[in-house]
Amino acid sequence: MTEFAADRLLLFGATGDLSRRKLLPSLCALDADGLLPENLAIIGTARSEIDESEFRDMARAALEEFLPAERRGDMARFLARLSYQQLDASSIDGFDALAQKVAEAGRGADDAEGGLAIFLSTAPSLFGPTIAGLKHAGLTGERVRMCLEKPLGTDLATSAEINDAVADAFPENRIFRIDHYLGKETVQNLLALRFANILFEPIWNSNVIEHVQITVAETVGLEGRVTFYDDAGALRDMVQNHMLQLLALVAMEPPTSFDATAVRDEKVKVLRALRPALASETVTGQYRAGAILGQAVPGYDEELGKPSTTETFTAIKAHVDNWRWKGVPFYLRTGKRLPERVTEILVQFRCVPHSIFEGQKLQTGAGLMPNKLLIGIQPEEDITLSLMGKVPGLDENGVRLREVPLQIAMPDAFAEHQRRIAYERLLLDLIKGDQTLFVRRDEVEAQWQWIDAIRAEWDAKGVTPKTYTAGSWGPSAAIALTERDGVSWHE
Ligand code: BG6
């Protein structure tokens, strides 16, 4: 942790989609709750040739569209924090003027006390030139942090190029790589569930856990991100980052403390222990026209306007090759245009080693089921432990056992607490300088290594996506992937 709170936040890509949908709303919500440093100035920069008042108008419109009215607080006070400097980041010319703007925005704060946090949410092709420009303009000093939004490359090699360019100007302890899933309260709660309770850790291994499923299902399609998505596909867009981070949090050893080094050291060990997946352990799909929640939607190729071999769905049987997880498959599945938006983790336990009810007259269909723990990440934030219970009765026709849920609805349990946008937490940690919920370079690279091996397998075996109807749970091969192990996806 670098010990200073930033008094200036410089947003690259300030007029872009992420800024409008998430960053400005998150900052405004933090401001409304009195959580931003009082003197924090926010400088937006982008290619758009607009002036400061037009930028504020754009920001106001974004807040009205993407932030619920009750979270906006004093919008005028928030908007007064904003300034704007037009910049073509591909050329070095404008960076001196930008540095001037940043200096002015310091509101007189002494350089020795203030600090600058830079948030890069631009096309990755601009990362290199932006870093060079910042360096040239003296904006990479010791009191400057750099935050990077995905995509950080398209494979290990391109990701290393970006990381090298950034490392040329900033040490790792001042680089903040975003994976917005880590900003989600329910994702952080995984750590609390595992490491703030004594119940789970002793059974959290291959002796008691049979398999794990991680599902990140979306109902949306391309959402206008035509070029980006078609170059990326589900594996790089969702598995490389969000899903592998979820897997790492589920599978990691207990860190010695909740700090950036300890947590990330344990995550990276898991990521490095991932066994390269064979093509036969993966399924890819691409959606065709169908219906989502009763609404007809076009196929991927129609949305794109041309045929494509990009996968919009993938399912993978992953293995973590270490003592704890020997023989426990981690089934991952993600896709666009699936029937519902749901992110959840299912931990399936093994059957009891010996059933004392075996010799009893058990009612048909009333037998023992193995326990499972379902962790809802979104939209439902519930934790459900399925236990076996005895159905009340005199058992004249035999004992009846049934699965009963032990359920915690997190929003109810913590009703008095504000639900927040993931970026609120991440932006605040960036301003304060806490890297725990940001991804370290070695993690990103271990993630890419595993993803690259899958892509190489797909290329070698000529794998192309199977089609699935929008509104279904992906190609039937995804069902076969688990069914051949006697496992059904949780739906
Ligand atoms: C982004 C992906 O990282 O995550 C998108 O690029 C995806 O394709 C999004 O839709 C999902 O985020 P969330 O928070 O809505 O689950």
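Before reading further, recall that the structure is shown in the block above.
Residues numbered from 1 in each chain as written. Predicted model: local features only at pLDDT ≥ 70, side-chain atom pairs only at ≥ 80, totals over all residues. Heavy atoms only, no water.

(A) Region of the structure containing the overall build of the chain. Across its full length, the chain holds 14 helices and 17 strands. For 491 residues, the compact-globule formula gives about 23 Å, and the C-alpha radius of gyration of the chain, at 24 Å, lands near that figure. Classification of the 491 residues of the chain by burial places 54% in the buried group. Contacts spanning at least 24 positions in sequence make up 80% of the contacts within the chain whose residues lie at least 6 apart. The averaged location of the 71 negative side-chain charges in the chain is 3 Å from the averaged location of its 53 positive side-chain charges. (Helix = DSSP H or I, 4+ residues; strand = E, 2+ residues; numbered from the N terminus. Rg over C-alpha atoms; globule rule 2.2 N^0.38 Å. Buried < 20%, exposed > 50% of the residue type's maximum accessible area, 1.4 Å probe, protein only. Contact = heavy atoms within 4.5 Å. Lys, Arg positive; Asp, Glu negative; His and termini not counted. Charge placed at Lys NZ, Arg CZ, Asp CG, Glu CD.)

(B) Local environment of the sheet that holds strand S5 (residues 144-148). Strand order in this open sheet of 6 strands is S3-S2-S1-S4-S5-S6, and the pairing throughout is parallel. With one partner strand each, in any of the chains shown, strand S3 (82-86) and strand S6 (175-177) form the two edges of the open sheet. Each strand of the sheet is rotated relative to its neighbour by a mean of 20 degrees, with strand direction disregarded. Docked against the sheet, helix H2 (residues 52-66) engages strand S2 (41-46) and S3, running at close to 120 degrees with respect to S3. (Pairing = 2+ DSSP bridges. Axes fitted to C-alpha atoms, helices over the stretch in contact; angles between N-to-C directions.)

(C) Spatial organisation of the pattern of salt bridges. One pass over the full model with this rule turns up 39 salt bridges. Asp 301 is the partner of Arg 288 in a salt bridge, and the nearest nitrogen-oxygen pair spans 3.7 Å. Here the residue Arg 288 occupies a position in strand S8 (residues 282-288), and Asp 301 occupies one in helix H10 (residues 300-304), the gap between them amounting to 13 residues. Arg 288 gets classed as partly exposed once you look at its relative accessible area, which sits at 28%. According to the relative accessible area criterion, Asp 301 is partly exposed, its value standing at 23%. We note a salt bridge from Lys 317 to Asp 485, for which the minimum N-O separation is 2.8 Å. Residue Lys 317 is found in strand S11 (residues 313-318), and its partner Asp 485 is found in the segment after helix H14 (476-483); the two are separated by 168 residues along the sequence. Judged by its relative accessible area of 31%, Asp 485 falls in the partly exposed class. When salt bridges with common partners are traced through the structure, they connect Asp 17, Arg 20, Arg 21 and Glu 65 into a single cluster. (Salt bridge = Lys/Arg side-chain N within 4 Å of Asp/Glu carboxyl O.)

(D) Expanded view of the site of the ligand. Around the ligand, the neighbouring residues are Lys 150, His 180, Tyr 181, Lys 184, Glu 218, Arg 225, Asp 237, Met 238, His 242, Lys 336, Arg 341 and Gln 378. Within the contact set of the ligand, an oxygen atom lies 2.4 Å away from a side-chain nitrogen or oxygen of Arg 225. In this structure, Asp 237 approaches the ligand through a side-chain N or O atom, which is 2.6 Å from an oxygen atom. No other element matches helix H8 (residues 226-251), which puts 3 residues into the shell around the ligand. Within the shell around the ligand, the residues separate by chemical class into 2 nonpolar, 3 polar and 7 charged. (Near = heavy atom within 4 Å. Polar contact = N/O pair within 3.5 Å; in protein donor to acceptor, adjacent residues only side chain to side chain. Nonpolar A, V, L, I, M, F, W, Y, C, P; charged D, E, K, R; others polar.)

(E) Seen up close, the nonpolar core. If you look at the biggest cluster of nonpolar residues, it comprises 91 residues, and the most contacted ones within it are Leu 247, Phe 330, Ile 345, Leu 373 and Trp 450. In terms of residue count, H8 provides more of this core than any other element does, 11 residues in total. With sequence-adjacent residues up to four places away left out, Leu 373 is seen in contact with Leu 193, Phe 200, Trp 204, Ile 345, Leu 346, Val 347, Phe 349, Ile 383, Thr 384 and Leu 385. Residues Ile 43, Ala 105, Ala 137 and Phe 170 belong to the second largest nonpolar core, which totals 29 residues. (Core = buried A, V, L, I, M, F, W, Y, C linked by side-chain atoms within 4.5 Å.)

(F) Quick look at helix H1 (residues 17-32). In a regular helix each residue adds 1.5 Å, so 16 residues correspond to 22 Å; H1 covers 22 Å between its end C-alpha atoms and thus fits that length. The largest bend in H1 amounts to roughly 30 degrees and is located at Leu 23, with the proline Pro 25 lying one to four residues further along. Among the residues of H1, those classed as buried are Ser 19, Leu 23, Leu 24, Pro 25, Ser 26, Leu 27, Cys 28, Ala 29, Leu 30 and Asp 31. The first or second residue beyond H1 is Gly 34, which carries a positive phi of 70 degrees. (Expected span 1.5 Å × (residues − 1). Bend = angle between axes of the 7 residues up to and from the residue.)

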